Amino acid sequence: MKKIDTRIFKDQYTEKNGKYIFIPVQEEVVSDFLDKIKYRIKKFNKLYSLLIEIISPVFPQPFFDAKSIIRKEIKGKNMTALNLGSGNSDFGDELLNVDLLPYENVDIICDIEKLPFKDNSIDYIINIAVLEHVPNPQKVISEIYRVMKPGGKIYCFIPFMQPFHASPYDFQRFTYEGMKHQFRAFDVISLKPVGPTSGMLWNLQEWLALVLSFGIKPLHTFLYLFFMIITFPIKFLDFFLQYHPMSKNLATGFSIKCEKK
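Observations regarding the sheet that holds strand 2 (residues 19-21)
No. 1: An order of 1-2-5-4-3-6-7-9-8 is seen for the 9 strands of this open sheet, with the pairing classed as mixed. Whereas interior strands pair on both sides, the edge strands pair on one side only; in this sheet they are strand 1 (14-16) and strand 8 (187-194).

Points about the packing of helix 6 (residues 196-213) against helix 7 (residues 217-231)
No. 1: Contact geometry of helix 6 with helix 7 gives a least axis separation of 8 Å together with a crossing angle of 140 degrees. Taken as axis vectors, helix 6 and helix 7 run oblique relative to one another. For the pair helix 6 and helix 7, the sense of crossing is right-handed. Of helix 7, the residues touching helix 6 (which contributes L201, W202, Q205, E206, L208, A209, L210, L212 and S213) are L219, H220, L223, Y224, F227, M228 and T231.
No. 2: Of the residues contributing to the contact of helix 6 with helix 7, the split by class is 11 nonpolar, 4 polar and 1 charged.

A look at the pattern of salt bridges
No. 1: Evaluated as defined, the whole model comprises 12 salt bridges.
No. 2: The salt bridge involving D90 is made with K2; its shortest N-O contact spans 3.2 Å. Placement of the pair is D90 in the loop between strand 3 (81-84) and strand 4 (95-99) and K2 in the segment before strand 1, with a sequence separation of 88 residues.
No. 3: Assessed through its relative accessible area of 31%, D90 is described here as partly exposed.

Digging into the nonpolar core
Generally speaking, nonpolar side chains in soluble globular proteins are found buried as a group.
No. 1: Counting 37 residues, the largest nonpolar core has I108, F117, I125, I154 and F183 as the members making the most contacts within it.
No. 2: Listing elements by their share of this core, those giving two or more residues are strand 3, strand 4, strand 6 (122-128), helix 4 (137-147), strand 7 (148-159) and strand 9 (253-259).
No. 3: Residues in contact with F117, not counting those within four places in the same chain, are I8, F9, K10, L82, V98, I108, I122, R146 and V147.
No. 4: I69, A81, I126 and F157 belong to the second-largest nonpolar core, a separate cluster that totals 13 residues.

Considering the side chain of D99
No. 1: When you line up the elements, D99 lands in strand 4.
No. 2: Residue class for D99 comes out buried when judged on its relative accessible area of 10%.
No. 3: Apart from the residues lying within four places of it in its own chain, the contact partners of D99 are G85, S86, G87, V106, I108, I109 and C110.

Reading the values: rules and limits
- The numbering scheme is per chain: residues are counted from 1 as the chain's sequence reads.
- Selection of residues for local features in this predicted model requires a pLDDT of at least 70, selection of side-chain atom pairs for listing and counting requires 80 or more, and totals for whole chains, interfaces and linings are taken over all residues.
- Note that the side-chain values use all heavy atoms of the structure and ignore hydrogens as well as water.
- We treat two strands as partners when DSSP finds at least two bridges between them.
- Secondary structure counts use DSSP, requiring at least four H or I residues in a row for a helix and at least two E residues in a row for a strand, with both numbered from the N terminus.
- Think of each axis as a best-fit line through the C-alpha atoms, taken over the contacting stretch in the case of a helix, with angles from 0 to 180 degrees between the N-to-C directions.
- By definition in this entry, angles of less than 35 degrees are roughly parallel, angles greater than 145 are roughly antiparallel, angles of 65 to 115 are roughly perpendicular, and the rest are oblique.
- Take the far helix as the reference: if the near one is turned anticlockwise from it by less than a right angle, the crossing is left-handed, and if turned clockwise, right-handed.
- Contacts: residue pairs with any heavy atoms within 4.5 Å of one another.
- Charged residues are taken to be Asp, Glu, Lys and Arg, nonpolar residues to be Ala, Val, Leu, Ile, Met, Phe, Trp, Tyr, Cys and Pro, and polar residues to be all remaining types, Gly included.
- We define a salt bridge as a side-chain nitrogen of Lys or Arg found within 4 Å of a carboxyl oxygen belonging to Asp or Glu.
- Only protein chains enter the accessibility calculation, which uses a 1.4 Å probe; a residue whose area is less than 20% of its type maximum is buried, one above 50% is exposed, and one in between is partly exposed.
- What is meant by a nonpolar core is a set of buried Ala, Val, Leu, Ile, Met, Phe, Trp, Tyr and Cys residues, joined one to another through side-chain atoms within 4.5 Å.

Right, dumping it as structure tokens:
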């Protein structure tokens, strides 16, 4: 159980099994077969993280960046830092895991569109592949701005060239210019494309499965997994290609690092 200074909370809560609960606890609604598999694997955090970083078509630069930020900017400092929309991921004791759903590693259960923290109370926020799954991303970003201390920082990754995923809750994508617009209230430290090969690969895997399955959904699922397993090494070309000056046109997503003015 992580130690939490409850003075950062502005709303009433209940405490159960080491979790601070601000909303009625609910379970994830999963309808797609592949997402049901993902939901079950999520319960095994280390296995799920390994599969995401290695087997999935997305180059894992955001996870590399997050671990580097924690090591260089958060660890050993007197900070309150959040892994916002954490799912069952856990970057360590330096971050409090905040999510809508009661995964094992979640510390605070709340709606991230209505964060239960006081104004100017949070030093650092990491938010990876979450804002495409909320209906009102600008509302979440406004809440992040509200709770962050002046000079506080956020690292965020949002997809651009990715197929629909995590059904039924997948609402939007953002371009390079769209990222700047969404975070216009902050001072942008860096805005970088991630994975132009990944942007191609995931769509190619889906396309091959679609063409060769002849409308048979179980066959499509099998082929999609098959092509994912045999083609995932291609994504590691992004060690180099993500630095191409035109990679933003085909990026799998964008990472942005900002500071509250």
